[in-house]
Amino acid sequence: MPSLPHHLVQALDRFNATHPWDHNAHYHRWILRQLPHRFGSALDVGSGTGDLARLLATRADEVHGVDSDPVIISRARMLTPAGTAATFSVAEAPPNLPTGPHGVITCVATLHHLPFTEALDTFRRHLAPGGTLVVVGLFRPRTATDHLLGAAAVLPNAALGWLKNRGRAAATPTSMTARTRPADMPFADIAEAARTVLPGARLRRRLFWRYTLTWRRP
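A few points on the structure. (Residues numbered from 1 in each chain as written. Predicted model: local features only at pLDDT ≥ 70, side-chain atom pairs only at ≥ 80, totals over all residues. Heavy atoms only, no water.)

A word on the nonpolar core
Phase 1: In this structure, Leu-111, Phe-123, Tyr-211 and Leu-213 are the most contacted members of the largest nonpolar core, which totals 30 residues.
Phase 2: At the level of secondary structure, the elements contributing two or more residues to this core comprise β1 (39-45), β4 (102-108), α5 (116-126), β5 (127-137), α8 (187-197) and β7 (210-216).
Phase 3: Broken down by element, this core gets its largest block of residues, 6 residues, from α8.
Phase 4: The next biggest cluster of nonpolar side chains, apart from the first, holds 27 residues, and it includes Trp-30, Leu-55, Val-134 and Ala-153. (Core = buried A, V, L, I, M, F, W, Y, C linked by side-chain atoms within 4.5 Å. Buried < 20%, exposed > 50% of the residue type's maximum accessible area, 1.4 Å probe, protein only. Helix = DSSP H or I, 4+ residues; strand = E, 2+ residues; numbered from the N terminus.)

Thoughts on the side chain of Thr-106
Phase 1: Following the sequence through the fold, Thr-106 ends up in strand β4.
Phase 2: Engagement of the side chain of Thr-106 in a polar contact is seen with the side chain of Asp-44, the distance being 2.8 Å.
Phase 3: Dropping the residues within four chain positions of it, Thr-106 is found in contact with Ile-31, Leu-43, Asp-44, Val-45, Leu-52, Leu-56 and Val-134. (Polar contact = N/O pair within 3.5 Å; in protein donor to acceptor, adjacent residues only side chain to side chain. Contact = heavy atoms within 4.5 Å.)

Focus on the packing of aromatic side chains
Within a pair of aromatic rings, the relevant descriptors are the distance that separates the centres and the angle that separates the planes.
Phase 1: The final tally for this structure, using the stated rule, is 4 aromatic pairs.
Phase 2: Relative to Tyr-211, the ring of Phe-187 lies with its centre 6.1 Å away and its plane at 65 degrees, an arrangement referred to as edge-to-face. Placement of Phe-187 in helix α8 and of Tyr-211 in strand β7 is noted, with a sequence separation of 24 residues between them.
Phase 3: Site record: aromatic cluster; members linked through ring pairs are Phe-139, Phe-187 and Tyr-211. (Phe/Tyr/Trp six-rings, centres within 6.5 Å; stacked < 30°, edge-to-face > 60°.)

Things to note about the environment of Ala-193
Phase 1: By secondary structure assignment, the location of Ala-193 is in helix α8.
Phase 2: Under the relative-accessibility criterion, Ala-193 is labelled buried at 16%.
Phase 3: Between the C-alpha atom of Ala-193 and that of Leu-120, which follows or precedes it by 73 residues, the distance is 9.4 Å.
Phase 4: Setting aside chain neighbours within four positions, we find Ala-193 in contact with Phe-116 and Thr-117.

Overview of the pairing of strand β6 (residues 202-206)
Phase 1: As paired elements, β6 and β7 share 5 bridges and run antiparallel to each other. Directly across from Leu-203, in β7, lies its bridge partner Leu-213.
Phase 2: Taking the residues between adjacent antiparallel strands as the criterion, β6 and β7 are bridged by 3 residues, where Phe-208 takes a positive phi near 65 degrees. (Pairing = 2+ DSSP bridges.)

Examining the sheet that holds β1
Phase 1: Strand order in the open sheet formed by 7 strands is β3-β2-β1-β4-β5-β7-β6, with mixed pairing between adjacent strands. The open sheet has two edge strands, β3 (86-90) and β6, and neither has a second partner. When the angles between neighbouring strand axes are averaged without regard to direction, this sheet yields 15 degrees.
Phase 2: With 6 bridges joining them, β4 and β5 adopt parallel strand pairing. In the sheet register, His-102 faces β5, and the bridge partner there is Leu-127.
Phase 3: Here α5 sits on the sheet in contact with β1, β4, β5 and β7, set at roughly 145 degrees to β5. (Axes fitted to C-alpha atoms, helices over the stretch in contact; angles between N-to-C directions.)

Re α5
Phase 1: Among the residues of α5, those classed as buried are Phe-116, Ala-119, Leu-120, Thr-122, Phe-123 and His-126. Viewed end-on, α5 has its buried residues packed into an arc of 160 degrees, placing them on one side of the element.
Phase 2: Turning to α5, the residues buried within the fold contact β1, β4, β5, α8 and β7. (Arc of directions from axis to C-beta.)

Some remarks on the pattern of salt bridges
Phase 1: In this structure the tally under the stated criterion is 5 salt bridges.
Phase 2: A salt bridge links Asp-61 to Arg-38; the shortest N-O distance between them is 3.1 Å. In this pair, Asp-61 sits in strand β2 (residues 60-67) while Arg-38 sits in the loop between α2 (28-33) and β1, placing the two residues 23 residues apart along the sequence.
Phase 3: With its nearest N and O atoms 2.6 Å apart, the salt bridge here joins Arg-205 to Asp-146. Here Arg-205 is found in strand β6, whereas its partner Asp-146 is found in helix α6 (residues 144-152), with 59 residues between them in sequence.
Phase 4: Among the residues examined, Asp-146 registers a relative accessible area of 4% and is labelled buried. (Salt bridge = Lys/Arg side-chain N within 4 Å of Asp/Glu carboxyl O.)

Shown next as structure tokens:
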């Protein structure tokens, strides 16, 4: 695949660093649309600063946000108003997750940090019958389709950064301070492994270097 000229890549990197925005939060409202209007217990794995958990708490009886980073869990607690139906705890996934059963499990930009099939199997076991799993994940580009979709996201990425920051330079959002690592699984391998563990799972490549997975437990 042809790549962008190096000087253009550098210019875009500088622009994006000056006008940052949270690509994961871009999918939060989409996640809510995949869920029932009301549900009981929800588990958000890799909850970070708690933005999604607090959104889930507007629809859930209780939300458990878990993350392996104690610093970011402290931030989540500080950012969560008293009385919100969301609590946060430090836990290593997948072995130490609250067992539930949960009516909803979400996992955003976290699955590539975990042992993939073990994590999905744990989510499946902790999900209540009829419950919904929603994953927004990262994949390693490998095919022409992957690279074309990545290229198609370059200009919208810059435009949204400009619009969300109203054309002004901005600090990195608190939600983007979590530890990161690149994805190592290509989309085809993710889809094959996911459908083995979760028969009937729906997966789709998305803009902004993400994919989505949805599954409802029978």
